[in-house]
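What follows is each chain in one-letter form.
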Amino acid sequence: MLKKPIQMRNFSEYEKKLIQEIVKTDLQKSNVLNVISNITLIDRGIQLKEKEITLVYFKSDKNALNEFFETLFLIKYLERNDLIFIHTNYHFPNEGNYISKNLDQNTITKKASELISQPIPTNIFDIISDYRKSYLVVGTELKKLAENKFKTNEQIHHETEITESRKQTKISRDSFYIALVALLFSLSAPFIFDTKFDENQLDSIKKEIKNNSSNEIQELEKIREELKAIRDSIAIKAQTPNSVYEK
């Protein structure tokens, strides 16, 4: 039967920080409890007792319990989804019952009044006991996930499709606007050029009317002069004595 593809859940910012540290793990230093200690047990410690562990942390540290449990559950999740692989050395030597990155017994003694010792009487003891003798190998998929800023292949593919779709939409939109401008220009161009042409025609007509008007005026002036000449001639004949006409 084929294995179903992993449905990757979203990781919190704290989990992303943990994963970034996990993928840097050197195979030669990949003891699971040491990895947890290097990431989560900074200014904190865990004390193993009979079937119980105690988490030691400063009173001012409000996230100690949550981050401790979140770290354990994240490792379980990564292992369950084959993002990390854990193998166990059954002959691992007992190296003491206290684990911490930097909170040593001397500091605990000096600052006892500032610290809280929180018992955890659950199966966390069994988980921690297993992790003490276990090592982890980081899977390629988890490394790739961290490199891709926690985006799965499906998300990257989907985002690529969206980006390409937006690009094509922009090209289509730009093409539409170009086509629209071209259409408007083609529709309005005849009116623009015809209007310019009509204005030239109008100027010509105006000049023609002006020239014609001048000619008409000159013609009317000529007729007026001729009429004046005829009128003057009639007036002269009217003033001539009758004897001139009797013979």
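The preceding data block contains the structure.
Residues numbered from 1 in each chain as written. Predicted model: local features only at pLDDT ≥ 70, side-chain atom pairs only at ≥ 80, totals over all residues. Heavy atoms only, no water.

**Quick notes on the nonpolar core**
Here is step 1 of the chain: With 40 residues, the main nonpolar core has Phe11, Ile22, Phe68, Leu78, Ile128 and Leu142 as its most contacted residues.
Here is step 2 of the chain: Broken down by secondary-structure element, the contributors of at least two residues to this core are α1 (13-22), α2 (32-40), β1 (44-49), β2 (52-58), α3 (64-80), α5 (124-132), β6 (134-138) and α6 (140-147).
Here is step 3 of the chain: The leading source of residues in this core is α3, at 7 residues.
Here is step 4 of the chain: Setting aside anything within four residues of it in sequence, one finds Leu78 in contact with Phe11, Ile19, Ile22, Leu83, Ile84 and Leu142.
Here is step 5 of the chain: Membership of the second largest hydrophobic core comes to 6 residues, among which are Phe58, Tyr98, Leu103 and Ile108. (Core = buried A, V, L, I, M, F, W, Y, C linked by side-chain atoms within 4.5 Å. Buried < 20%, exposed > 50% of the residue type's maximum accessible area, 1.4 Å probe, protein only. Helix = DSSP H or I, 4+ residues; strand = E, 2+ residues; numbered from the N terminus. Contact = heavy atoms within 4.5 Å.)

**Quick notes on the side chain of Asn31**
Here is step 1 of the chain: For Asn31, the location among the structural elements is in the loop between α1 and α2.
Here is step 2 of the chain: By relative accessible area, which is 5% here, Asn31 ends up buried.
Here is step 3 of the chain: For Asn31, the side chain forms a polar contact with the main-chain oxygen of Arg132, separated by 2.8 Å.
Here is step 4 of the chain: Side-chain polar atoms of Asn31 contact the backbone oxygen of Ser134, separated by 3.4 Å. (Polar contact = N/O pair within 3.5 Å; in protein donor to acceptor, adjacent residues only side chain to side chain.)

**Some points on the packing of aromatic side chains**
Here is step 1 of the chain: Per the stated rule, a full pass over the model turns up 4 aromatic pairs.
Here is step 2 of the chain: Geometrically, the ring pair formed by Phe11 and Phe150 is edge-to-face, given 6.2 Å between the ring centres and 65 degrees between the ring planes. Remark: Phe150 occurs in the loop between α6 and α7 (153-238) and Phe11 occurs in the segment before α1; sequence separation between them is 139 residues. The residues Phe11 and Phe150 share a single accessibility class, namely buried.
Here is step 3 of the chain: Look at Phe69 and Phe73: their rings are 6.2 Å apart centre to centre, the planes differ by 20 degrees, and that puts the pair in the stacked class. Note that Phe69 and Phe73 are positioned in helix α3 at a spacing of 4 residues, about one turn of the helix.
Here is step 4 of the chain: Its relative accessible area of 23% is what places Phe69 among the partly exposed residues.
Here is step 5 of the chain: Among the aromatic residues, those joined into a cluster by ring pairs are Phe11, Tyr77 and Phe150. (Phe/Tyr/Trp six-rings, centres within 6.5 Å; stacked < 30°, edge-to-face > 60°.)

**Topic: α2**
Here is step 1 of the chain: Within α2, 7 of the 9 residues are buried, leaving the element largely enclosed by the surrounding structure.
Here is step 2 of the chain: Among the residues of α2, Val32, Leu33, Val35, Ile36, Ser37, Ile39 and Thr40 are the ones counted as buried.
Here is step 3 of the chain: Where α2 begins, the capping side chain belongs to Asn31, and its oxygen is found 3.1 Å from the backbone nitrogen of Leu33.

**As for α5**
Here is step 1 of the chain: Every buried residue of α5 is listed here: Ile124, Phe125, Ile127, Ile128, Tyr131 and Arg132. All buried residues of α5 fall inside an arc of 160 degrees around its axis, so they share one side. (Arc of directions from axis to C-beta.)

**So, the side chain of Ser134**
Here is step 1 of the chain: Positionally, Ser134 belongs in strand β6.
Here is step 2 of the chain: At a separation of 2.6 Å, a polar atom in the side chain of Ser134 contacts the main-chain carbonyl oxygen of Asp130.
Here is step 3 of the chain: Excluding anything up to four places from it in sequence, Ser134 contacts Ser30, Asn31, Val32, Ile86, His87 and Thr88.

**A closer look at the pairing of β6**
Here is step 1 of the chain: Because side chains alternate across β6, one face comprises the buried residues Ser134, Leu136 and Val138, and the other comprises Tyr135 and Val137, none of which is buried.
Here is step 2 of the chain: Bridge count for strand β3 (residues 84-88) against β6 is 5 bridges, and the pairing is antiparallel. Considered in β6, the bridge of His87 is made with Tyr135. (Pairing = 2+ DSSP bridges.)

**So, the sheet that holds strand β4 (residues 98-100)**
Here is step 1 of the chain: Spatial strand order, β4-β1-β2-β5: 4 strands in an open sheet with antiparallel pairing. Only two strands of the sheet have a single partner each, and these edge strands are β4 and β5 (115-120). When the angles between neighbouring strand axes are averaged without regard to direction, this sheet yields 20 degrees.
Here is step 2 of the chain: Relative to β5, β2 is paired through 6 bridges, and the arrangement is antiparallel. Bridge pairing links Val56 to Ser117 in β5.
Here is step 3 of the chain: Contacts between α3 and the sheet are confined to β1, β2 and β5, with β2 contributing the most and set at about 130 degrees to the helix. (Axes fitted to C-alpha atoms, helices over the stretch in contact; angles between N-to-C directions.)

**Structural notes on the pattern of salt bridges**
Here is step 1 of the chain: This structure, assessed with the given rule, holds 6 salt bridges.
Here is step 2 of the chain: A salt bridge links Arg9 to Glu15, with the nearest nitrogen and oxygen atoms 2.8 Å apart.
Here is step 3 of the chain: With relative accessibility at 7%, the residue Glu15 sits in the buried group.
Here is step 4 of the chain: Salt-bridge contacts for Lys51 lead to Asp126; the nearest nitrogen and oxygen are separated by 3.8 Å. Residue Lys51 is located in the loop between β1 and β2, and its partner Asp126 is located in helix α5; the two are separated by 75 residues in the primary sequence.
Here is step 5 of the chain: Classification of Lys51 as exposed rests on a relative accessible area of 61%.
Here is step 6 of the chain: The exposure class assigned to Asp126 is partly exposed, which follows from its relative accessible area of 36%.
Here is step 7 of the chain: By sharing partners, the salt bridges in this structure join Arg44, Asp61 and Glu67 into a single network. (Salt bridge = Lys/Arg side-chain N within 4 Å of Asp/Glu carboxyl O.)

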